[in-house]
Amino acid sequence: MLTRLFSRNPLKTPGDRRGDEAARALYDTIVIQARQPGFYTDMAIPDSVDGRFELLALHSFLVFHRLKQDRSATEDLSQRLFDIMAFHLDQSVRNSGAGDHGSATRLKAMGEALMGRYRAYEQALAAREPSDLEAALTRNLYGSGDQPSPLQIQGMAAYLRREKRDLSDQAIAELLVGRIVFGPPPSVEEASSETAVTEIG
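So, here's what we can say about the structure. Predicted model only: the values in this text are computed from it and were never measured. (Residues numbered from 1 in each chain as written. Predicted model: local features only at pLDDT ≥ 70, side-chain atom pairs only at ≥ 80, totals over all residues. Heavy atoms only, no water.)

1. Re the pattern of salt bridges
No. 1: Under the definition given, this model contains 10 salt bridges.
No. 2: A salt bridge links Arg117 to Glu54, with the shortest nitrogen-to-oxygen separation between them at 2.6 Å. Of this pair, Arg117 sits in helix H6 (residues 100-126) while Glu54 sits in helix H4 (residues 49-68); the two residues are 63 residues apart in sequence, bridging distant segments of the chain.
No. 3: Connected through shared salt-bridge partners, Asp20, Asp76 and Arg80 make up one network. (Salt bridge = Lys/Arg side-chain N within 4 Å of Asp/Glu carboxyl O. Helix = DSSP H or I, 4+ residues; strand = E, 2+ residues; numbered from the N terminus.)

Pasting the structure below:
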């Protein structure tokens, strides 16, 4: 997936290939979810370039993880979605004033960061210890800001598990036409309730 992101050739504008509409719709939903205010208020994720990038990485991971469940049907859509993400990352770097050399360097770093996040979340969700996911979120999602509270970390971990589960139940036919539904951002109150239930259990 990183070939286009690391290429020195200009990326194609999204929408100039047949079938890109579904990928663009998925990308738009990812961006809208990553901008939900609750992540930056209740969950204290830094409202900064780094914080927004981390939320984009987290929600794009969830979508790619779901698409991978039906790899034979979604391989092309996954690549198109990544291409569109790469295009917008490229545009954001260029708009920040980076020259060609600086742009290529920053894009490579961002691409490697994305892949690192995807691996970390994949491994943490598959781990037996719940604390592995909390550690991955602390290291990545909150890596550029102040130390979050335990409840905020637990809230985001519960959110990631919930969305993984709920997305797995969404029909592949819906994803193939660009329709995907995320739940609301978590709240500290929800995290507190879930922690209490876990301790009682």
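2. Points about the packing of H4 against helix H8 (residues 150-168)
Packed helices, taken two at a time, are described by the angle their axes make and the gap between the axes.
No. 1: Between H4 and H8, the least distance of the axes is 9 Å, while the angle of their chain directions is 30°. Taken as axis vectors, H4 and H8 run roughly parallel relative to one another. Where H4 crosses over H8, the handedness of that crossing is right-handed. Between H4 and H8, the residues in contact are Leu58, His59, Leu62, His65 and Arg66 and Met156, Tyr159, Leu160, Glu163, Lys164, Leu167 and Ser168, respectively.
No. 2: For the contact of H4 with H8, a count of residues per class yields 6 nonpolar, 3 polar and 3 charged. (Axes fitted to C-alpha atoms, helices over the stretch in contact; angles between N-to-C directions. Parallel < 35°, antiparallel > 145°, perpendicular 65-115°, else oblique. Left-handed = near helix turned anticlockwise from the far one by under 90°. Contact = heavy atoms within 4.5 Å. Nonpolar A, V, L, I, M, F, W, Y, C, P; charged D, E, K, R; others polar.)

3. So, the packing of aromatic side chains
No. 1: Under the defined criterion, the tally for this structure stands at 5 aromatic pairs.
No. 2: Ring plane angle 75° and centroid distance 5.3 Å describe the contact between Phe39 and Tyr159, whose orientation is recorded as edge-to-face. In this pair, Phe39 is assigned in helix H3 (residues 37-40) and Tyr159 in helix H8, connecting sequence segments 120 residues apart.
No. 3: Phe39 sits in the buried class, given a relative accessible area of 0%.
No. 4: Taking 6.2 Å as the distance between ring centres and 50° as the angle between the ring planes, the aromatic pair formed by Phe64 and Phe82 counts as tilted. Placement of the pair is Phe64 in helix H4 and Phe82 in helix H5 (residues 71-95), with a sequence separation of 18 residues. Phe82 shares its class with Phe64; the two are buried. (Phe/Tyr/Trp six-rings, centres within 6.5 Å; stacked < 30°, edge-to-face > 60°. Buried < 20%, exposed > 50% of the residue type's maximum accessible area, 1.4 Å probe, protein only.)

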